[in-house]
Protein chains: 2
Amino acid sequence: MPRCRRGGPPWWEPRFQEAGFRLTISRQAILEVLSNTKEHLSAEEIYLAVHKNYPNIGLTTVYRTLELLVDMGLVFKFDFGDKRARYELSPGPAGKRHHHHLVCTNCGRVIDYTDFIDEERELLRRTETGLSEKYNFKITDHLIQFYGLCDECQGQF
Amino acid sequence: MPRCRRGGPPWWEPRFQEAGFRLTISRQAILEVLSNTKEHLSAEEIYLAVHKNYPNIGLTTVYRTLELLVDMGLVFKFDFGDKRARYELSPGPAGKRHHHHLVCTNCGRVIDYTDFIDEERELLRRTETGLSEKYNFKITDHLIQFYGLCDECQGQF
DNA sequence: CTCATTATTGAAAATGGTTTTCATTAACAT
DNA sequence: ATGTTAATGAAAACCATTTTCAATAATGAG
Ligand SMILES: [Mn+2]
Ligand SMILES: [Mn+2]
Ligand SMILES: [Zn+2]
Ligand SMILES: [Zn+2]
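Described below are features of the structure shown in this document. Remember, it's a predicted structure, so these values are computed and weren't measured experimentally.

1. Description of the sheet that holds strand β6 (residues 138–149) of chain A
Here is step 1: Pairing in this open sheet of six strands is mixed, and the strands run β5(A)-β4(A)-β6(A)-β6(B)-β4(B)-β5(B) from one edge to the other. Each edge of the open sheet carries a strand with a single partner, namely β5 (110–113) of chain A together with β5 (110–113) of chain B. Strand after strand, the sheet turns through a mean of 25 degrees between neighbouring axes, direction not considered.
Here is step 2: In this sheet, β5(B) lies alongside strand β4 (residues 100–104) of chain B in antiparallel orientation, the contact comprising four bridges.

Have a look at this one:
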């Protein structure tokens, strides 16, 4: 289980300095877990993963840390309809690209996709401009998700 | 507080017949409330509204009925990030047009918009086609929401 | 219309993800 | 190294939603 950082410190360290938050073991461990997965983990799943190496870190701290990380913009929080929040490390400086999600309503699988993002971006840009003018609404974020049946679940219906 | 139906029975009545569900007082009352509001009510708000005219209808029934209505496709269920589900009557045969939402992250206000829906539709159509092919994912639904600050909340920051 | 069937309902209890409380611990500036 | 105080863990609280189960009422048959 090799560490990801092949060189200097993780890109998120300066962010803690700037914001004046302490870079604790718990926070590093949680960020480490998030940076080593491609999945969209729930708080409890993160807790369990962290717990293997740091058995004394509690679920409460995981929740609190995730809230902080979301506020800091280091982590994104999603609702895929399975009754629990799911988290994903922000792309970061040299990370993956911005993406949206396909959610299987049968098995819960979540697929990241970056295809058509450019077209989406263009539409979003125009929509945001138009809506800002018409409703004087200052748009700061958007959510786009597609729901349906994944490859494996289509046979069952 | 005039009833909306100026003529025949509401458009949703046949849907119950077809599906074999009983058209009870509770269900009619809840649909009536939903059809007489432009807001996106929570289960409890619907319960309170129904309760004025039918004090014996319980919150449990409201939850159960909403679940049924969502399953029947008569009602849409949304998550605007305020920790409780919110509901909206489906456009129906002669109803309002399909729309998406602007959500104020400060005061929670939700604005329906239908502008740019045609462009969105076109993008969605192409995206759905592309994603279906690439991931063999059968898309049945989508969610688009914009977040930001509404007219009144912009001054505060 | 009357009755039997059974879907539907209400009240109360349970559920479960998340948040709060509060005493203890540890990060880090000095 | 030490003091200040942010951060933490365990337990309890929170709260929207769901489940339980006995009672009720919508519907169809007669
Ligand atoms: Mn993702
Ligand atoms: Mn709406
Ligand atoms: Zn699936
Ligand atoms: Zn606002």
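2. Brief notes about the interface of chain B and chain A
Here is step 1: At the interface, 38 residues of chain B touch 38 residues of chain A.
Here is step 2: Around 3400 Å² of area is buried between chain B and chain A when both sides are counted, 63% of it from carbon and sulfur atoms.
Here is step 3: Where chain B meets chain A, there are four salt bridges.
Here is step 4: Notably, a salt bridge pairs Arg126(A) with Glu119(B), separated by 2.2 Å at the nearest N-O pair.
Here is step 5: At the junction of chain B and chain A, the tally comes to 18 residue pairs in polar contact (both at pLDDT 80 or more).
Here is step 6: Those elements that provide at least two residues to the side of chain B that touches chain A are β4, β5, α5 (117–135) and β6 (138–149) of chain B.
Here is step 7: Top element by residues in the side of chain B that touches chain A is β6(B). It accounts for twelve residues.
Here is step 8: Tallied by class, the residues present in the side of chain B that touches chain A amount to 18 nonpolar, eight polar and twelve charged.
Here is step 9: Across eleven bridges, β6(A) lies against β6(B) in antiparallel orientation. Paired with Asp141(A) across the two strands is Tyr147(B), which belongs to β6(B).

3. Concerning the protein's contact with DNA strand C
Here is step 1: Surveying the vicinity of DNA strand C reveals 22 residues, the closest of which are Tyr63(A), Thr24(B), Asn56(B), Thr61(B) and Arg64(B).
Here is step 2: Interatomic distance of 3.3 Å between a side-chain N/O atom of Thr60(B) and a base nitrogen of DNA strand C.
Here is step 3: Taken together, the elements giving at least two residues each to the surface near DNA strand C come down to α4 (59–72) of chain A together with α2 (25–35) and α4 (59–72) of chain B.
Here is step 4: For the surface near DNA strand C, a count of residues per class yields six nonpolar, eight polar and eight charged.

4. Quick look at the sheet that holds strand β1 (residues 41–42) of chain A
Residues and elements named next belong to chain A.
Here is step 1: The sheet built from three strands is open, its strands ordered β1-β3-β2 with antiparallel pairing. Two strands in the sheet have a free side with no partner beyond their single neighbour: β1 and β2 (75–78).
Here is step 2: Inspection of the sheet shows β2 paired to strand β3 (residues 86–89) by four bridges, in the antiparallel sense. Its bridge partner being in β3, Phe76 is matched across the sheet by Glu88.
Here is step 3: Helix α2 (residues 25–35) rests against β1, β2 and β3 of the sheet, and its axis sits at about 85 degrees to β3.

The rules we used
Here the residue numbering is sequential within each chain, running from 1 through the sequence in written order. Ligands are numbered from 1 and chains lettered from A, in the order in which they are written. Totals for whole chains, interfaces and linings use all residues, but because this is a predicted model, local features are given only for residues with pLDDT of at least 70 and pairs of side-chain atoms are given and counted only at 80 or more. Side-chain numbers here rest on the full set of heavy atoms in the structure, without hydrogens or water. Whether two strands pair comes down to DSSP finding at least two bridges between them. The secondary structure listing takes helices from DSSP runs of H or I that are at least 4 residues long and strands from runs of E that are at least 2 residues long, numbered from the N terminus. Axis lines are fitted to C-alpha atoms, over the contacting stretch for helices. Their N-to-C directions set the angle, which ranges from 0 to 180 degrees. Throughout, a residue-residue contact means that at least one pair of heavy atoms, one from each residue, lies within 4.5 Å. Accessible area that two parts lose when put together, evaluated with a 1.4 Å probe and summed over both, is termed the buried area. Between Lys or Arg on one side and Asp or Glu on the other, a salt bridge is scored when a side-chain nitrogen of the former is within 4 Å of a carboxyl oxygen of the latter. For the purposes of these results, a polar contact is taken to be a pair of N or O atoms within 3.5 Å, where, inside protein, one atom must be able to donate a hydrogen and its partner to accept one; residues adjacent in sequence count only when each atom of the pair is a side-chain atom. As a working rule, the residues Ala, Val, Leu, Ile, Met, Phe, Trp, Tyr, Cys and Pro are called nonpolar, Asp, Glu, Lys and Arg charged, and the rest polar, with Gly in that last group. For this purpose, a residue is taken to be near a molecule or strand whenever a single non-hydrogen atom of the residue falls within 4 Å of it.

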